[in-house]
Amino acid sequence: MLAIVVLAYKPQFFQLALNSIAAQTNKNFQCYIFDDAAPAEIKYIADNFQDFHYIRFDENMGRLDLVGHWHRCLELIEEEWVWLFSDDDVMLPNCVNAFYETYDLYPKATVFRFPREIVDAAGQLIYAIEPIGNKTGLEFLKSRLTYHGSCLPDHIFNWKKLKELNGGFVKFPLAWCSDDAAWCLLGKNHEIVAIPSAFVQIRDSGINITSLTDKNILKQKLEAHILFYLWCIESLNIPLSYRLLFIRYFTSLNEIIPFSYFFRLSILFQCPILILSILLMPVRKLYLQIKRFVKMQCKKVFIFGC
């Protein structure tokens, strides 16, 4: 059976998240709500869902060790298949049923992936990410570093298998890229299977870690990316072409992470390849400026040509 594990701390959209779970057409799952010493509103909302299991922790571990919090939650469940879900995202009503239907087609798979819709705080669609097909762990890594993002709530995975392979999730700062490392591992011997017929709505609300641009948060995200790169070299033995993709990826990170953050000596020492990324940043900025200029000129030609 499937365990839907809700990591609860933020009350703002919690009711909507639980409503979407309760509305599943296929009820073959157990839902666990793990309250990470959250404000009292979390319990008040959870009390409305008597069929769900509610467990409260007195210590807010997620603030300091998010992966550790995931692990303490997962150790309290018995189910083999796990869907770690957020307190502000939404699953469409056919998601659980779509998982079981897809699992029947790929019974040896250890991780499944839903397509995503990114919505704002009001639930309005920002953009959708269509299904990208089945991928091996390395193919997933390539898509992660190029044009397709990834997140925790759009995956269902075999927790027992992940513990066998690695003892659980890899610990990176803020748990950033920890889920990516897990999907790469689980996709080593069996493909990451795409579920084409159901969407998960990921909320870009401005209050979750994905949305935050706090200085300290950005520094930790950069460090997590570097550690993820080093882990990929050691654990996946990634080829040269993938290392070059990381250079490109680090260079593009400068669009969201300030240039000065890359000059931390501890990071440069751990990852000499980052030096090349730093040198390429001005080149990338010049390229983007030229690209925008050409695009504007082409637009003017089109308008006046009409």
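This one's a predicted model, so the numbers in the text were calculated from it and none came from an experiment.

> Would you mind showing me how to read the side chain of Asn 26 here?
By secondary structure assignment, the location of Asn 26 is in the loop between helix 1 (14-22) and strand 2 (29-36). From its side chain, Asn 26 meets the backbone nitrogen of Asn 28 in a polar contact 2.9 Å long. Apart from residues no more than four positions distant in its own chain, Asn 26 is found in contact with Val 96, Asn 97 and Tyr 100.

> Please clarify how the sheet that holds strand 9 (residues 155-158) should be interpreted in this entry.
What links the strands of a sheet is backbone hydrogen bonding, and the strands pair in either a parallel or an antiparallel sense. Within the open sheet, the seven strands sit side by side as 3-2-1-4-9-6-10. Their pairing is mixed. A strand with exactly one partner marks an edge of an open sheet, and here the two such strands are strand 3 (53-57) and strand 10 (193-194). Sheet topology places strand 2 next to strand 3; five bridges connect them, and they run parallel. In the strand pairing of strand 3, Phe 34 is matched with Ile 55. Across the sheet, helix 6 (residues 159-166) is in contact with strand 4 (81-86) and strand 9; its angle to strand 9 comes to roughly 65°.

> Teacher, can you tell me more about the packing of helix 8 (residues 215-236) against helix 9 (residues 240-253) here?
Helix-helix packing is described using two parameters, namely the angle between the two axes and the distance between the axes. In contact at an axis separation of 12 Å, helix 8 and helix 9 are set at 180° when each is read in the N-to-C sense. With respect to each other, helix 8 and helix 9 are oriented roughly antiparallel. On helix 9, the residues that touch Leu 222, His 225, Ile 226, Phe 228, Tyr 229, Cys 232 and Ile 233 of helix 8 are Arg 243, Phe 246, Tyr 249, Phe 250 and Leu 253. Of the residues contributing to the contact of helix 8 with helix 9, the split by class is 10 nonpolar, one polar and one charged.

Analysis parameters
Residues numbered from 1 in each chain as written. Predicted model: local features only at pLDDT ≥ 70, side-chain atom pairs only at ≥ 80, totals over all residues. Heavy atoms only, no water. Helix = DSSP H or I, 4+ residues; strand = E, 2+ residues; numbered from the N terminus. Polar contact = N/O pair within 3.5 Å; in protein donor to acceptor, adjacent residues only side chain to side chain. Contact = heavy atoms within 4.5 Å. Pairing = 2+ DSSP bridges. Axes fitted to C-alpha atoms, helices over the stretch in contact; angles between N-to-C directions. Parallel < 35°, antiparallel > 145°, perpendicular 65-115°, else oblique. Nonpolar A, V, L, I, M, F, W, Y, C, P; charged D, E, K, R; others polar.

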